[in-house]
Each structure stands twice: as C-alpha cells, then as structure tokens.
Amino acid sequence: MAEEAAEQQSGEAAAAAVVGLLGFKPHLAVPGMKADAAVQFYKAAFGAEELRRVAHPKRKAEQELPLILFAELKIGSSLLLVSDCFDAAGEGGTAVVIGGGISFRLEAEDVDAAVKMAVAADAEVVSEVAEDESGVVVKLKDPFGVVWVVSAAVGNKTLDAEAEA
C-alpha cells in the first residue's frame, strides 16, 4: 500500500514537471479597495519591495483609486501578490469571496496543460480564460475551496484556443 502511494506521488511530481510549472505565489485580495494601503503597510512593516503593479486598464478616471489587479511584492526571498478585492464588473467587493480572499498563483509554461492536469485531479474552473498585461490567466478552485490562478506570460505556449485564432 505504501509503495503504491509512493509511486502515485512520484507520478504526480513527474506530471507537474512535464507541465512545466515555473513558480508559486500566494495572492491576497484585500477587501474595501485597500490594496494600496496594504502594500504601503507591508513595505513599512516588513520591508517589502514592490517589484511591479498592474492596474485595471478600464478603470474610469473619475474613480478615486486605481483598481489594483495585483502588486507583486518581495519580502525577503519570497513573493506575495496583493490586489483589490473586486467583483466581475470591476466594482469593489466587500463580501466574502471564494477562498476567503486568499488565492495561490501558479506560473506555467503551458496554461492549457496545467489546467487539464488540475481538472483531471478534480479542480473546478471558476473563471473563463482571460488575458491582461500579466499574461493569460485561468482561475480554478480545488476540492477544498482554495482558489488557484494559473498564468503564463504573454508569448509562452498558452491555450489551444489561441493557437486556433
């Protein structure tokens, strides 16, 4: 029995290597459109360095603060993504979101293969494929309610649909 479990784990690790997962980043969605305040706090409290920030490209000029899709912070040798919590319309979300406002981001060489592998393991696709300044992204939910965002940089092999376009 233990041998079978070890073989299964070995096979799963090999599958992840074949898919080409490149990195893992925790992602915190801050309610009340306060991601910028959170970033400033993490800088002051933990010496975080802001590596980059991606704002929503369709944010209206009359709105006070830019909607932060994510700010990538480096704290020590670790990375953290921080974003405003928002709904599908881009409005500030204050309700409890799937995953409790915490998600994990996986960067993959091939988003399509990574999504197929996760779905085969019982993950659920919770958002359609999207492309923004950060690349192609797909949001999944695992059987335990944790949200995973699978992404690839623009220019990487991403989705079968792109190849057909």
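All values reported here derive from a predicted model rather than from experimental measurement.

(A) Here's a closer look at the nonpolar core. In this structure, Val30, Ala35, Ala38, Val39, Tyr42, Ala48, Ile68, Ala71, Leu73, Leu80 and Val82 together form the largest nonpolar core, which totals 11 residues. Broken down by secondary-structure element, the contributors of at least two residues to this core are α2 (35-46), β3 (68-75) and β4 (78-84). No other element matches α2, which puts four residues into this core. Setting aside residues no more than four positions away along its own chain, Val82 makes contact with His27, Leu28, Val30, Ala35, Ala38, Val39, Tyr42, Ile68, Phe70, Ala71 and Leu73.

(B) Just the packing of aromatic side chains, in detail. Counted under the stated rule, the structure contains six aromatic pairs. Centre to centre, the rings of Phe24 and Trp148 are 6.0 Å apart; their planes meet at 50°, and the pair counts as tilted. Highlighted residues: Phe24 in strand β1 (residues 21-30) and Trp148 in strand β9 (residues 147-152), separated in sequence by 124 residues. According to the relative accessible area criterion, Phe24 is partly exposed, its value standing at 46%. Measuring from centroid to centroid gives 5.1 Å for Phe104 and Trp148, while their planes differ by 45°, and the two rings are tilted. Pair noted here: Phe104 is in strand β5 (residues 102-108) and Trp148 is in strand β9, with a separation of 44 residues, a long-range link. Pairwise contacts between aromatic rings join Phe24, Phe104 and Trp148 into one cluster. If you follow Arg105 out to its NZ or CZ, it ends over the ring of Phe70, 5.2 Å from the centre.

(C) Representation of the environment of Ala55 within the structure. Counting through the fold element by element, Ala55 comes out in strand β2 (residues 49-55). For the pair Ala55 and Pro66, spaced 11 residues apart in sequence, the C-alpha separation works out to 6.2 Å.

(D) View of the pattern of salt bridges. By the definition in use, this model includes eight salt bridges. Note that Arg53 is salt-bridged to Glu50, the shortest N-O span being 2.7 Å. In this structure Glu50 comes out as partly exposed when scored by relative accessible area, which is 24%. Asp112 is the partner of Lys116 in a salt bridge, and the nearest nitrogen-oxygen pair spans 3.1 Å. Note that Lys116 and Asp112 are positioned in helix α3 (residues 111-120) at a spacing of four residues, about one turn of the helix.

(E) Expanded view of the pairing of β1. The sheet contact formed by β1 and β5 spans seven bridges and is antiparallel. Bridge assignment links His27 to a residue of β5, and that residue is Ser103.

(F) Examining the pairing of β4 more closely. Extensive coverage of β4 is indicated by the burial of five of its seven residues. As paired elements, β1 and β4 share four bridges and run parallel to each other. If you follow His27 over to β4, its bridge partner there is Leu81. Connecting the antiparallel pair β3 and β4 is a turn made up of two residues, with Gly76 showing a positive phi of about 65°.

(G) Focus on the confidence of the model for the protein. Taken over all residues, the pLDDT of the protein has a mean of 76, while the share at 70 or more is 67%. Put simply, helix α4 (residues 160-164) is where the protein has its lowest mean pLDDT, 45, and strand β6 (residues 124-125) is where it has its highest, 94. Throughout residues 157-165 the model reports pLDDT below 50, and contacts reaching past four residues in sequence, or to other chains, amount to 17 contacts.

What counts, and at which threshold
- Residues numbered from 1 in each chain as written.
- Predicted model: local features only at pLDDT ≥ 70, side-chain atom pairs only at ≥ 80, totals over all residues.
- Heavy atoms only, no water.
- Core = buried A, V, L, I, M, F, W, Y, C linked by side-chain atoms within 4.5 Å.
- Buried < 20%, exposed > 50% of the residue type's maximum accessible area, 1.4 Å probe, protein only.
- Helix = DSSP H or I, 4+ residues; strand = E, 2+ residues; numbered from the N terminus.
- Contact = heavy atoms within 4.5 Å.
- Phe/Tyr/Trp six-rings, centres within 6.5 Å; stacked < 30°, edge-to-face > 60°.
- Lys NZ or Arg CZ within 6 Å of the ring centre and 35° of its normal.
- Salt bridge = Lys/Arg side-chain N within 4 Å of Asp/Glu carboxyl O.
- Pairing = 2+ DSSP bridges.
- pLDDT = per-residue confidence, 0-100.

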